[in-house]
Structure formats: structure tokens, C-alpha cells
Amino acid sequence: MQKTPESIVLREYSSPAGVLLLGSFQDRLCLCDWKYRKMRSAIDNRIQKHLKASFTEGNSSVLDTTVLQLEEYFSNRRQDFEIPLLPAGSGFQMTVWEELMKVPYGQCASYRDLAERIGRKEAVRAVAAANGANSISIIIPCHRIIGSNGELTGYAGGLQAKEKLLQLEQGESLQYRLFS
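Residues numbered from 1 in each chain as written. Predicted model: local features only at pLDDT ≥ 70, side-chain atom pairs only at ≥ 80, totals over all residues. Heavy atoms only, no water.

Colleague: Before we go on, may I ask you to explain helix H2 (residues 61-74) in this structure?
Modeller: End to end, H2 covers 20 Å across 14 residues, agreeing with the expected 20 Å (1.5 Å per residue, within 8%). For H2, every residue scored as buried is listed here: Val62, Leu63, Thr66, Val67, Gln69, Leu70, Glu72, Tyr73 and Phe74. Contact partners of the buried residues in H2: strand E1 (7-15), strand E2 (18-25), strand E3 (28-34) and helix H6 (159-170). (Helix = DSSP H or I, 4+ residues; strand = E, 2+ residues; numbered from the N terminus. Expected span 1.5 Å × (residues − 1). Buried < 20%, exposed > 50% of the residue type's maximum accessible area, 1.4 Å probe, protein only. Contact = heavy atoms within 4.5 Å.)

Colleague: Would you mind going over the packing of aromatic side chains with me for this structure?
Modeller: Given two aromatic rings, one states the distance between the centres and the angle between the planes to describe the pair. Inspection of every chain in the model, using the stated rule, returns 4 aromatic pairs. Ring geometry for Tyr73 and Phe81: centres 5.5 Å apart, planes at 40 degrees, overall tilted. Side by side, Tyr73 and Phe81 carry an identical accessibility label, which is buried. Members of the aromatic cluster, each reached through a chain of ring pairs, are Tyr73, Phe74, Phe81 and Tyr105. (Phe/Tyr/Trp six-rings, centres within 6.5 Å; stacked < 30°, edge-to-face > 60°.)

Colleague: Is there a simple way to explain the environment of Gly91 in this structure?
Modeller: Turning to its location among the elements, Gly91 is positioned in helix H3 (residues 91-100). Overall, the relative accessible area of 55% leaves Gly91 in the exposed class. Residues Gly91 and Leu51 lie 40 residues apart in sequence; the distance between their C-alpha atoms is 15 Å.

Colleague: Even after reading the chapter, I still don't get helix H1 (residues 40-51), so can you show me in this structure?
Modeller: For an α-helix, 3.6 residues make a turn, and residues three or four places apart therefore share a direction. Over its 12 residues, H1 extends 17 Å from the first C-alpha to the last, a length consistent with the 16 Å expected when each residue adds 1.5 Å. Along H1, the residues that are buried comprise Arg40, Ile43, Asp44, Arg46, Ile47 and Leu51. Within H1, the buried residues cover an arc of 160 degrees as seen down the axis, which keeps them to one side. Exposed and facing more than 90 degrees away from the buried side of H1 are Ser41 and Lys49. Tucked inside the fold, the buried residues of H1 contact E1, E2, E3, strand E4 (54-57) and H3. Note on H1: the residue one or two positions beyond its end, Lys52, has a positive phi of about 50 degrees. (Arc of directions from axis to C-beta.)

Shown next, in the form of C-alpha cells:
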């Protein structure tokens, strides 16, 4: 299949936590998201509109690197990703996603913590919505965000996937060590 410069190249990756859709555009990762999430079409439409591109099945060196690094992550050999990213979102969403990247492996934060960190403590619900709109899961670690009460809250890949990712990072005890 011929790849054009306007194409977002897509492939699937079956992770131990569920099936992910991976997408690259102009040598950067723009999609690493749960295939069966409820907002799948809204996320896909946002990415295509933002990048002014359409999806084409195929492969790229960025996708190969992403799969390799995800395999390392799932086998406890990688904590940080080194993949060029191209998130597609509003200015506010980008700010939230940049802050998400600061939550270290093995630690958690709450939506309230995230809102305070970006200087918008009154915007907890907007931060939660931006977190839910993240289309580069695991790498932009939205799974590390929990409720202020310490409970697991919604996740695009489902709470079972979120719990698997947190167990991978924190071990079986799941103490939800908070990032400070």
C-alpha cells in the first residue's frame, strides 16, 4: 500500500492490557490509543482534522520503535519512552498532557493535583476531560491519574487495563504512591 505525506499510518498492537491502535504522521507518533474505547470515532476525527490527514493501514519506523518500546515497558525493561510525539489537541489539552508527562513511573496524581500544577485549580473537571481525550495512552501516562479519594476512576482502556498498568509499574500492592 502506497503511503502519501498526507497519511496517518496505522497499525494495531496487542498489548497485555488490550489492543492499541498506533498511528504515525511525519515521523512522529500521533496515536497510541485503545481500539475499543467509547470515544474512538471522536478521537480519530479530531486527529484527522487537526493533522489534515486521513488514515492508511501500514507501518513506519516510528511505529516499529513504538512497538519495541511498548514491549520493553510491558516486560519491565523500560520506564521512560523515547518516541517523537505529535499530540493533536487544544491548547488546554496540550497543557494537561504536558503535565501528565511529569508524573513519574510508579507514581500517581489526582485530577485535582493536575489542575493545581497547571495553575487552574478550579478546572478539575476540564482537566479530567482533557485527560480522557488523550490519544497517546501509556506514553502520555493518563493511567497514572486517580481520584482525589485514592480510587481508580474512568480510563479509556477500561479500569481493568488501568489497574494492569498500575500493577506493572507499582507491583502487586497497588499503594498508589502519590507524586508530589
